[in-house]
Amino acid sequence: MSIVFVVLAVLTLAGAMAAVTLRNLVHCALALAVAFAGLALLFLQLDAQFVGFTQILVYVGAVAILVVFAILLTRGADDGKAGTVFSRTWLAGLGIAAAVFAVLGWAVLRSVKGLAQAAGAPAVTVEDIGQALMSRYVLPLEIVALLLTAALVGAVIVAMYEKEDAR
Amino acid sequence: MTCFSTPLAGYLLVAALLFAIGLAGALTRRNAILVLIGIELMLNAANLNLIAFWRFGPHPEMLTGLMFALFSIAVAAAEAAVGLGLVIQIHRHLKTTDLDQISRMKG
Amino acid sequence: MIEKADQIFVLLLHWLVGFLPMAWQHVASVVICVAVIVAVYPALFAVAVLMERKGLGRMQNRYGPNRVGPFGVLQPVADGIKSLTKEDIVPRNADAVVHFISPLVLVVAVFMGLAVLPMGRNMVLVEMDASLLFFFAMGASTELSVFMAGWSSRNKYSLLGAMRAVAQMISYEVPLLLSTVGVVMITGSLSLVDIVNAQTRYSWGLAHWNVFKPWGLAGFVMFVIASMAETNRSPFDLPEGESEIIAGYFTEYSGFKFALFFLGEYVGMFGIAGLGTTLFLGGWSSPLAALSWVPSWIWFFAKVELWICFFIWVRGTLPRLRQDQLMNFAWKFLLPMTLVNLLVAAEWRFVEGVWMRWIVGMAIVAGAYVLMGRVGMRRERLGPRSYRYAE
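The present account deals with the structure reproduced in this document. (Residues numbered from 1 in each chain as written. Chains lettered and ligands numbered in written order. Predicted model: local features only at pLDDT ≥ 70, side-chain atom pairs only at ≥ 80, totals over all residues. Heavy atoms only, no water.)

### Here's the deal with the overall build of chain B
On a plain count of helices and strands, chain B comes out with three helices and zero strands. Mapped from its N terminus to its C terminus, chain B presents α and β elements in the order α-α-α. Principal-axis analysis of the C-alpha atoms gives chain B an extent of 55 × 25 × 20 Å. Taking the intrachain contacts of chain B between residues at least 6 apart in sequence as the baseline, contacts between residues at least 24 apart amount to 59%. Of the accessible surface of chain B, which amounts to about 4300 Å², a share of 71% is contributed by carbon and sulfur atoms. (Helix = DSSP H or I, 4+ residues; strand = E, 2+ residues; numbered from the N terminus. Contact = heavy atoms within 4.5 Å. Areas by Shrake-Rupley, 256 points an atom, 1.4 Å probe, with all protein chains shown as cover.)

Here you go:
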C-alpha cells in the first residue's frame, strides 16, 4: 500500500462521505467535486491518463457544475428547515448499503490470493486509444454520440418552460 | 508511479466502499438531487473497478477496460443531464424536491 | 554559441542538479523548474498589469499611472504592498471555508495548466501524451472556483455574477476545444511538444505555422475569441464589469484574496495565450528561417506578450456584449463555425493538389462565415423610432 494511494483513497472516500451526509446542498456538491478529483488522481495512478483527464473535464468541469445549477434552481422553502435530511426509511437504506459492502468486501478479500499483486505499466498511448475507437469500438462511439445528442435535446425539452406554466 | 506497490485488492476495496457510500446516499436522503449524486458516485466506483482490472489484467493492450470506462463516463454525463432536468421540472410543478412527498404518480 | 544561448536554461538546470546525488536529481530538477515557473509568471503578471493600465490609459486619452517611479514603472510594487497589507474582510454570513478556498483553487488550477506548455526547445515541465487534454481539464476546474467564490459571499450580486460567469465559461469552452481539434487532426497527436515540432519546418524561408493554413487561420480567430470569453476579458466581461455588477463574483473579496483572484485571472490569460501560440503560432519557432538564431524562449515569450497586448487592445476598443448576445454568439455562430473548420481540416488532409486544397479550404471557410455570420445572425429591420411621452 503506497502512501500516495492511501492519501488519495482517504480523500476520495472523505469527499464521498461528505457528499451524502452534509446538510447544506451546495456543500454536498462541492464535496462531490472533491471526490471526483480524487478519483481522477486514482486513475492517473493506475496509468490511465486519458481517462483521468477525461474524468476531470467531464465530471468536475461539467457534471459537478450541472449538479450545482440544479441545486440553485430548485431552492425553495425546504432549505434545511425540515427536521432531518434523511428520509423516514433511512435505517433500511443504511442496512442495505452495509450488506452490499459486506458482500463485495468478502468477495474481494476471499480472492486476494488469486488477484494480481503488481503489474508493469502498460504502454498505452493516446494514438492507440484513437485507433481502437475508430476500428474496434466505432459502433459504441457512434451510438454514444447519438445518445448524447438525444440526451441534450431531451434535457432541454424536459426542463423547458412550457406556455401553460406562465399563468 | 515508478514503484508500484498497491495490490489490486486495495483498489477493489476502495471501489466497493465508494459504491456502498453512494448506495447509502441514494437510499437514505430526502432530496432528489442527492439521490442523483449517489448514483453518480456508484457509477464512478464502477469506473474505478474497470480501470483497476484493466491495469492488472492479462491483456492491457486490448484497452477493453479503458474503453468501457470512457463510454461509462459519457453515458453517466448524459444520464445526469436528463435526470437533473427531470428534477428541475418536478420542482417547478410540485414546488418541492422532497422525495418523501413526491410519492404519488398523480400530479 | 547560438545553441548555448538557446538552451541556456536547460544547461543551467543540469549544472545545478549535478551537485546532488543521483537519487535526488529527478525530484530536484522538477522542484527547480516549478520554482522558476512560480517565480516568473507572477513577474510577468506584474508587467502585464502595468502594461494594461498604461495602455488602456493611452487609448482613453489619458496617462496611465505615472506617480510611482519613472513613468509609473513601480506601480505593481505599490499594488502588491497595498493588497498584502489591506484588511481581509470576510462577511459575517459568508461561508468561511468555501470563501477561503476558492481563490486557492483558481490559482492552483491555472498554475497547473502552465506545466505543459513548451516554453522553448526542450523546455517543458511535464511531457505527456495527452497534454492538450490536461490543459483543458485544468481550465474546466477554474469554473468551479468562480462559482464557489460567487456563492460563498452570500451576496445577490456575487451570485448573479458567478452564474453569468459560469454560463459564459461553459458556453465558450466548446468552441475553444473544437477549434483546436483541427490542429490535433492534422498533427496527429495531442502532445503539445509534437504539435510545436510539426510547425518548425520551413519552406521558402517561411515557417509552417498552423495559422498560415486556412483551417489554422479560422481556428486561430475562433480560439482568440473563445479564449477572451474563457478568461472573462472584455468584451466578454459582463460577469465582472465594474459598471454592471460592482465586481461580480469577487465583490466580497479584499486584500490578498482579491490579489490572488487577479493573479489567477492574468496567469490564466498567460496560460491560454501560451496554448494559442503553441497550437497556432508555432510555439517557440521563429517565423522566418533567417531569424532562427534568436533563442527559442525569447520567441515564445514575445508571442505571448503580443497576445496580451492584443487582449488589452481589444479591451480598450470594443464595447461589452450582453449576456444573451454572448450566448447567441457562442452557440449559434462559433459552434457551427468550428464544426465547419473540422471539415476544412479534413479536406486539407485528403484533397490532392497543392493549390486545390488551398482554394477549397478558403472557399469553405469564407462561405460558411458569410452564410452563418452575415446572413444567419441578421436581426430584423427596426422601424423608425417612436416616442411616448410621460403624461
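Text resumes after the structure shown.
### Points about the interface of chain B and chain A
Listed by partner, the interface residues are 71 residues for chain B and 88 residues for chain A. When chain B packs against chain A, the two sides together hide about 7000 Å² of surface, and 76% of this comes from carbon and sulfur. It is Arg29, Arg55 and Phe71 of chain B in chain B that bury the most area against chain A; as a group they hold 9% of the surface buried on that side. Connecting chain B to chain A are one salt bridge. Residue Arg55 of chain B is joined to Asp47 of chain A by a salt bridge in which the shortest nitrogen-to-oxygen separation is 3.2 Å. Seen at the junction of chain B and chain A, the total is ten residue pairs in polar contact (both at pLDDT 80 or more). Listed by contribution, the elements that provide at least two residues to the side of chain B that touches chain A are helix 1 (8-28), helix 2 (32-56) and helix 3 (64-94) of chain B. Looking at the side of chain B that touches chain A, the element that brings in the most residues is helix 3 of chain B, giving 23 residues. Partitioned by chemical class, the residues of the side of chain B that touches chain A number 50 nonpolar, 14 polar and seven charged. (Buried area = accessible area lost by both parts, 1.4 Å probe. Salt bridge = Lys/Arg side-chain N within 4 Å of Asp/Glu carboxyl O. Polar contact = N/O pair within 3.5 Å; in protein donor to acceptor, adjacent residues only side chain to side chain. Nonpolar A, V, L, I, M, F, W, Y, C, P; charged D, E, K, R; others polar.)

### Overview of the side chain of His99 of chain C
Following the sequence through the fold, His99 of chain C ends up in helix 5 (residues 96-113). Dropping the residues within four chain positions of it, His99 of chain C is found in contact with Ile89, Val90, Pro91, Ala94, Ser152, Ser153, Glu252, Tyr253 and Lys257 of chain C.

### Observations regarding the packing of helix 3 (residues 22-59) of chain C against helix 4 (residues 75-85) of chain C
Residues and elements named next belong to chain C. Two numbers describe how helix 3 lies on helix 4: the axes approach to 9 Å, and their chain directions differ by 110°. Considered as vectors, helix 3 and helix 4 are oriented roughly perpendicular to each other. By crossing handedness, the relation of helix 3 to helix 4 is classed as right-handed. Contacts from Ala46, Val49, Leu50 and Arg53 of helix 3 reach helix 4 at Gln75, Pro76 and Asp79. (Axes fitted to C-alpha atoms, helices over the stretch in contact; angles between N-to-C directions. Parallel < 35°, antiparallel > 145°, perpendicular 65-115°, else oblique. Left-handed = near helix turned anticlockwise from the far one by under 90°.)

### Some details on the interface of chain C and chain A
Contact with chain C, which involves 26 residues of that partner, is made by 22 residues of chain A. Taking both sides of the interface into account, the surface hidden between chain C and chain A amounts to around 1900 Å²; carbon and sulfur atoms contribute 81%. Our count for the contact surface shared by chain C and chain A stands at two residue pairs in polar contact (both at pLDDT 80 or more). Listing elements by their share of the side of chain C that touches chain A, those giving two or more residues are helix 6 (131-152) and helix 7 (156-187) of chain C. Considering only residue class, the side of chain C that touches chain A consists of 20 nonpolar, one polar and five charged.

### Observations regarding the nonpolar core
Ranked by internal contacts, the top residues of the largest apolar core, which has 176 residues, are Val51 of chain A, Ile51 of chain B together with Tyr41, Leu275 and Leu279 of chain C. In terms of nonpolar packing, the next biggest core, distinct from the first, is built from six residues, Ala24, Ala26, Val35 and Met42 of chain B among them. (Core = buried A, V, L, I, M, F, W, Y, C linked by side-chain atoms within 4.5 Å. Buried < 20%, exposed > 50% of the residue type's maximum accessible area, 1.4 Å probe, protein only.)

### Topic: the packing of helix 5 (residues 126-135) of chain A against helix 3 of chain B
At a minimum axis distance of 11 Å, the contact between helix 5 of chain A and helix 3 of chain B shows a crossing angle of 75°. Taken as axis vectors, helix 5 of chain A and helix 3 of chain B run roughly perpendicular relative to one another. Seen from helix 5 of chain A, the contacting residues are Ile129, Ala132 and Leu133 of chain A; seen from helix 3 of chain B, they are Leu66, Met67 and Phe71 of chain B. Looking at the contact of helix 5 of chain A with helix 3 of chain B, its residues break down into six nonpolar, no polar and no charged.

### Some thoughts on the side chain of Ser191 of chain C
Residues and elements named next belong to chain C. Of note, Ser191 is situated in the loop between helix 7 and helix 8 (192-197). Of the residues examined, Ser191 reaches a relative accessible area of 5% and is grouped as buried. Setting aside its immediate chain neighbours within four residues, Ser191 contacts Met128, Asp129 and Ser131.

### Overview of the environment of Ala99 of chain A
Here Ala99 of chain A is to be found in helix 4 (residues 90-110). Along the sequence, Ala99 of chain A and Gly130 of chain A sit 31 residues apart, while their C-alpha atoms lie 40 Å from each other.

### Considerations on the packing of aromatic side chains
Tallying each qualifying case throughout the model produces 27 aromatic pairs over all chains. Measuring from centroid to centroid gives 6.5 Å for Trp215 of chain C and Trp348 of chain C, while their planes differ by 75°, and the two rings are edge-to-face. One end of the pair, Trp215 of chain C, is in helix 9 (residues 214-230); the other, Trp348 of chain C, is in helix 13 (residues 323-350), with 133 residues separating them in the sequence. Residue Trp215 of chain C is classed as buried on the basis of its relative accessible area, which comes to 1%. On the numbers, 4.8 Å between centres and 75° between planes, the contact of Tyr253 of chain C with Phe261 of chain C is edge-to-face. Exposure class is identical for Tyr253 of chain C and Phe261 of chain C. Each is buried. Sitting above the plane of the Phe56 of chain B ring, Arg55 of chain B keeps its charged end 5.8 Å from the centroid. (Phe/Tyr/Trp six-rings, centres within 6.5 Å; stacked < 30°, edge-to-face > 60°. Lys NZ or Arg CZ within 6 Å of the ring centre and 35° of its normal.)

### As for the arrangement of the chains
In this assembly two pairs of chains touch, with chains A and B having more contacts than any other pair. One finds no contact between chain B and chain C; the C-alpha atoms of the two approach each other to within 12 Å at their closest.

### Side note on helix 7 of chain C
Owing to its 3.6 residues per turn, the α-helix aligns residues three or four sequence positions apart on the same side. Residues and elements named next belong to chain C. Along its 32 residues, helix 7 runs 47 Å from first to last C-alpha, staying within 8% of the 46 Å computed at 1.5 Å per residue. Of all the bends in helix 7, the greatest, near 25°, is centred on Glu173, and the proline Pro175 appears no more than four residues after it. For helix 7, the N-terminal capping position is held by Asn155, with its side-chain oxygen 3.2 Å away from the main-chain nitrogen of Tyr157. (Expected span 1.5 Å × (residues − 1). Bend = angle between axes of the 7 residues up to and from the residue.)

Keep in mind these values describe shape, not function.
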